[in-house]
Amino acid sequence: MSDGSLGSAATTPPSACTGVRIRKVARLVSHIFDQHLEPHGLTVTQFGLLGQLKSDDGVGIGMLAERMVMDPTSLTRTLRPLERQGFVRLAHDPRDRRHRRLHLTPEGRAVYEAARPAWLAGQRQIDQALGGTDATTLNALLDRTIERLAR
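First, a word on what this report is: a plain description of the structure on this page.

Rules of the game
- Residues numbered from 1 in each chain as written.
- Predicted model: local features only at pLDDT ≥ 70, side-chain atom pairs only at ≥ 80, totals over all residues.
- Heavy atoms only, no water.
- Axes fitted to C-alpha atoms, helices over the stretch in contact; angles between N-to-C directions.
- Helix = DSSP H or I, 4+ residues; strand = E, 2+ residues; numbered from the N terminus.
- Parallel < 35°, antiparallel > 145°, perpendicular 65-115°, else oblique.
- Left-handed = near helix turned anticlockwise from the far one by under 90°.
- Contact = heavy atoms within 4.5 Å.
- 1 Å grid on protein atoms, 1.4 Å probe; cavity = no way out; pocket = protein on both sides within 12 Å on 5 of 7 lines; lining within 4 Å.
- Points joined across faces, edges and corners; volume = space filled by probe spheres on them.
- Nonpolar A, V, L, I, M, F, W, Y, C, P; charged D, E, K, R; others polar.
- Pairing = 2+ DSSP bridges.

**Here's the deal with the packing of helix 2 (residues 44–55) against helix 5 (residues 106–130)**
Put simply, helix 2 and helix 5 touch, their axes get as near as 10 Å, and they point 120° apart. Between helix 2 and helix 5, the angle is such that the two are oblique. The two elements helix 2 and helix 5 meet at a crossing, and its hand is left-handed. Contacts between helix 2 and helix 5 involve Phe47, Leu50, Gly51 and Lys54 from the former and Gly108, Arg109, Val111, Tyr112, Glu113, Ala115, Arg116 and Trp119 from the latter.

Dropping the structure here:
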């Protein structure tokens, strides 16, 4: 086909699916980061949440879920262990008691800072595996993809 399409559903192999490819890459990348962050008791998703709260302390659950491209239920499930460990605190919004705000505790900030070198090591491993130019190109393409699909 010269139009660049993948053809009909009947002739397109499952391996051509963008979703399958992205999920495979996501699992591989998560595994690398999780291996590096494991000594700190964090997953890459938890590390990302702590980092988001570091830069936006007091954000609401709905807004954080939107920024992390997660549904609020998954976000709450991911936050529970962080809350139990004392890294994150949920508090009622003083302006509207129906809403809750998330706060990074001093312990959460400390574990985030302690885990940051491990996260950087994971990032370096991925960059080395991809090669400098491909890593830069991939990140730019992913940023554009996120922007376009989030519309």
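Let us keep going from here.
**Regarding the layout of surface pockets**
One number sums up the size of the largest pocket: a volume of about 1800 Å³. Forming the walls of the largest pocket are 37 residues, and the residues nearest its centre are Ala26, Val29, Ser30, Leu142 and Ile146. Listed by contribution, the elements that provide at least two residues to the lining of the largest pocket are helix 1 (18–37), helix 2, helix 3 (61–68), helix 5 and helix 6 (132–149). When its residues are assigned to classes, the lining of the largest pocket shows 23 nonpolar, nine polar and five charged.

**Concerning the environment of Gly60**
Following the sequence through the fold, Gly60 ends up in the loop between helix 2 and helix 3. Separated by 30 residues in sequence, Gly60 and Leu90 place their C-alpha atoms 9.2 Å apart. In this structure Gly60 touches Arg100 and Arg101, once residues within four positions along its chain are discounted.

**Some remarks on the pairing of strand 1 (residues 88–93)**
In terms of strand pairing, strand 1 meets strand 2 (residues 96–104) through six bridges, oriented antiparallel. Along strand 2, the bridge assignment pairs Ala91 with Arg101. Two successive antiparallel strands, strand 1 and strand 2, enclose a turn made up of two residues.

Interpretation note: all reported values are geometric properties and have no functional meaning in isolation.
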